[in-house]
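What the coordinates show
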Amino acid sequence: MHKIVIKGGLPLNGEVQISGAKNAVLPLLFATLLSAGQSEICNVPDLRDIDTALSLLKILGAPTARAEDCCQVDARTIQSVEAPYDLVRTMRASVLVLGPLLARCGHARVSLPGGCAIGARPIDQHLKGFEALGARITLEHGYVEARAERLRGAHIIFDMPTVGGTENLLMATALAEGESIIENAAREPEIVQLAEALISMGAKIEGAGTARIHIEGVSSLQPLKISVMPDRIEAGTFMIAAAMTRGNVLVRGARQRDQEALLKKMTEAGAHIDATQDGLRVIGPDRLMPVDIRTSAFPGFPTDMQAQFMAMMSLADGTSRVSENVFENRFMHVCELQRLGADISIDGHSATIHGVKQLHGAPVMATDLRASACLILAGLAAENTTEVSRIYHLDRGYERIEAKLAKLGACIARVPE
Ligand code: UD1
């Protein structure tokens, strides 16, 4: 086990290259199961969640190989349709094999993901969608089992815009018989990339990126060859790191169109942001101003940036309010920020942050992926030393974060506990 040790207080300067997006690669890797061929995905980040996804593909009988940042998946034959508990519990996105397996093999058996640190996160909307496509769903011994001879196109209306649900149903309807419409679809950029990938494989999809997606099912798909989009959450995390440390950082690969809500709020907080050809340059202000945020589905403020933004607001000159509207129980970073001297109180889904002039280093514990990033950011801005333990969460979603921050001038190291 390792921990990250930060000696805070140094401004970050220079350039950082953003890696491929974790949340885009995962559905793309599972989409390779839709084609009886050999696919290749490039710009794949080196992350624990990607290792988990590759292990799952192997278990299903689709061997994988990695060379530099490219992953090959050989899905010519599928040997198993079961995603076991041990993998699903470490990565909920494993449920994204349901759609592809059901569409290709007519059968899928996937362990129920259960609760996770940031809330209950059910998959009822995914299952409701598969049922509308004619699948028979049973829940037994902790597993979801879905069966269908051939899926039939349907009109699916989600109760809420679910990212995973939209992705699962996009993959399933691509090979269903006839026309499907997904309404109240999630509109995240990762969904647009998945749709583009499926279209390049021969799928007929229109409207991805809007709340209404139209799919005309086809009988087979070609292998996938694609390069993954940059990770907008990693980019946002580095942008906040620059703003919080009075730094000046060019975040290479960050795209304005993926970040409008965050950019607006960071600008309100006093950060100076310039869009360049290569990415977004962020210059931090002398003192941050307080800003209120409310998380919601894209194009709203991303829940995956909430913890990092709160770390930034803990140093603002005044009081901010953060409302978390996507997940319940996503304030576990608050207690840890308080250990660093932040003045935050929680009332249900809202947190009130009274900005302080200075955070003070302390030992803290990461509770989930984005909470880990929030503590690293706080540690970068705090005086003295902050030690962040349980960083296995961080390794699920940030590629070599300490190396990238050190290159920007941070005093940061990964050391054994
Ligand atoms: C994805 C992202 C995650 C991000 C989240 C919201 C991946 C791998 N993960 O997660 O990083 O935080 O989107 O932007 O891309 N819900 C239901 N029933 C369902 C499905 C969802 O009630 O069947 C609820 C969830 O509990 C949550 C909300 O809908 O409250 C949004 O969840 P969803 O968009 O599905 O998130 P994920 O796909 O799990």
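If you tally the helices and strands in the chain, you get 14 helices and 24 strands. Here the C-alpha atoms of the chain give a radius of gyration of 21 Å, agreeing with the 22 Å that 2.2 N^0.38 yields for 417 residues. Here the C-alpha coordinates of the chain stretch approximately 65 × 45 × 40 Å along the principal axes. Classification of the 417 residues of the chain by burial places 58% in the buried group. Taking as baseline every contact in the chain between residues at least 6 positions apart, the subset at least 24 positions apart corresponds to 73%. Accessible surface for the chain amounts to roughly 16,100 Å². Of this, 48% is attributable to carbon and sulfur atoms.

Scanning the model with the defined rule gives one disulfide in all. Between the sulfur atoms of C42 and its disulfide partner C70 the distance amounts to 2.0 Å. Between C42 and C70 the sulfur-sulfur dihedral comes to about 110°; the bridge is accordingly right-handed. One end of the pair, C42, is in strand 3 (residues 38–42); the other, C70, is in strand 5 (residues 70–74), and 28 residues separate them in sequence. The same class applies to C42 and to C70, which are both buried. Unpaired in terms of disulfides, C71 finds its nearest cysteine sulfur in C70, a separation of 7.8 Å. Judged by relative accessible area, C71 falls into the buried class, the value being 0%.

Across soluble globular proteins, you tend to see nonpolar side chains buried next to one another. Membership of the largest hydrophobic core comes to 77 residues, with the highest contact counts inside it found for L29, L34, V97, F130, L151, L170 and L198. By residue number, the principal contributor to this core is helix 1 (residues 22–31), which donates seven residues. The next biggest cluster of nonpolar side chains, apart from the first, holds 72 residues, and it includes V282, M313, A316 and I376.

Interface extent is often summarised as the accessible area lost during association of the parts. Annotation of the chain at the domain level lists domain 1 (2–19 + 230–416) and domain 2 (22–227). The C-alpha centroid of domain 2 is placed 30 Å from the C-alpha centroid of domain 1. Residue-level contacts link 23 residues of domain 1 with 18 residues of domain 2. A combined buried area of about 1,800 Å² lies between domain 1 and domain 2, and 52% of that area is made up of carbon and sulfur atoms.

Moving on, we get to the sheet that holds strand 13 (residues 212–216). With mixed pairing, four strands are arranged side by side in an open sheet as 10-11-13-12. The sheet terminates laterally at strand 10 (155–157) and strand 12 (204–206), the two strands that pair on one side only. The mean inter-strand angle of the sheet, taken between neighbouring strand axes irrespective of direction, is 15°. In terms of strand pairing, strand 10 meets strand 11 (residues 179–183) through three bridges, oriented parallel.

Let us now look at the pattern of salt bridges. Tallied over the entire structure, the rule returns 23 salt bridges. When the shortest N-O distance is used, the salt bridge between E268 and K265 registers 3.9 Å. Residue E268 and its partner K265 are both found in helix 9 (residues 260–268); the two are separated by three residues, about one turn of the helix. Its salt-bridge partner being R287, residue D317 comes within 3.6 Å of it at the nearest N-O pair. With a gap of 30 residues between them, D317 in the loop between helix 10 (306–313) and strand 19 (319–323) and R287 in the loop between strand 17 (279–283) and strand 18 (293–294) connect regions that are remote in the sequence. By relative accessible area, which is 27% here, R287 ends up partly exposed.

Rules behind the numbers
- Residues numbered from 1 in each chain as written.
- Predicted model: local features only at pLDDT ≥ 70, side-chain atom pairs only at ≥ 80, totals over all residues.
- Heavy atoms only, no water.
- Helix = DSSP H or I, 4+ residues; strand = E, 2+ residues; numbered from the N terminus.
- Rg over C-alpha atoms; globule rule 2.2 N^0.38 Å.
- Buried < 20%, exposed > 50% of the residue type's maximum accessible area, 1.4 Å probe, protein only.
- Contact = heavy atoms within 4.5 Å.
- Areas by Shrake-Rupley, 256 points an atom, 1.4 Å probe, with all protein chains shown as cover.
- Disulfide = S-S within 2.5 Å.
- Core = buried A, V, L, I, M, F, W, Y, C linked by side-chain atoms within 4.5 Å.
- Domains from an automatic or database assignment.
- Buried area = accessible area lost by both parts, 1.4 Å probe.
- Pairing = 2+ DSSP bridges.
- Axes fitted to C-alpha atoms, helices over the stretch in contact; angles between N-to-C directions.
- Salt bridge = Lys/Arg side-chain N within 4 Å of Asp/Glu carboxyl O.

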